[in-house]
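Examining the three-dimensional arrangement
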Amino acid sequence: MQLLDKIPLGPLILAAIFMALAPFQPQPHLWEKIDMLFAGMLSRPMDIFDLFWHSFLIVLVVIKLLRRAKKGPA
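So, a few notes on the structure that sits alongside this text. Here the structure is a predicted model, which is why all the values come from computation and not from measurement.

A few points about helix H4 (residues 45-71)
In a regular helix each residue adds 1.5 Å, so 27 residues correspond to 39 Å; H4 covers 38 Å between its end C-alpha atoms and thus fits that length. At Ser55, H4 is bent by approximately 45 degrees, the largest bend along its length. Of all the residues in H4, the buried ones are Asp47, Asp50, Leu51, His54, Ser55, Leu57, Leu60, Val61 and Lys64. Buried residues along H4 sit against helix H1 (2-6), helix H2 (9-21) and helix H3 (29-39). Just past H4, the residue Gly72 takes up positive phi, approximately 90 degrees.

Structural data, given as structure tokens:
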């Protein structure tokens, strides 16, 4: 977790937004994979990997923010 604490929040948020929206056309992969998940069609290993790949940085941002909130003001 010390490695995560060393990563600046701003660039991490920008990278997370970029990965969540990539590719921009015709529809972001993350949105497509979430639709597939709720429709029960997320079964191919490549689709599961895409969901993980495009949401991984968002999860890191959430973990980093939760760790910051737990520590209190710096």
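Following the structure, the description resumes.
Examining H2
Between its terminal C-alpha atoms H2 stretches 18 Å, which fits the 18 Å expected from 13 residues at 1.5 Å a residue. Those residues of H2 that sit buried are Leu9, Leu12, Ala16, Met19 and Ala20. Looking straight down H2, one finds its buried side chains confined to an arc of 100 degrees; they lie on one side. Check the buried side of H2 and you find it contacts H1, H3 and H4.

Basis of the calculations
Residues numbered from 1 in each chain as written. Predicted model: local features only at pLDDT ≥ 70, side-chain atom pairs only at ≥ 80, totals over all residues. Heavy atoms only, no water. Helix = DSSP H or I, 4+ residues; strand = E, 2+ residues; numbered from the N terminus. Expected span 1.5 Å × (residues − 1). Bend = angle between axes of the 7 residues up to and from the residue. Buried < 20%, exposed > 50% of the residue type's maximum accessible area, 1.4 Å probe, protein only. Contact = heavy atoms within 4.5 Å. Arc of directions from axis to C-beta.

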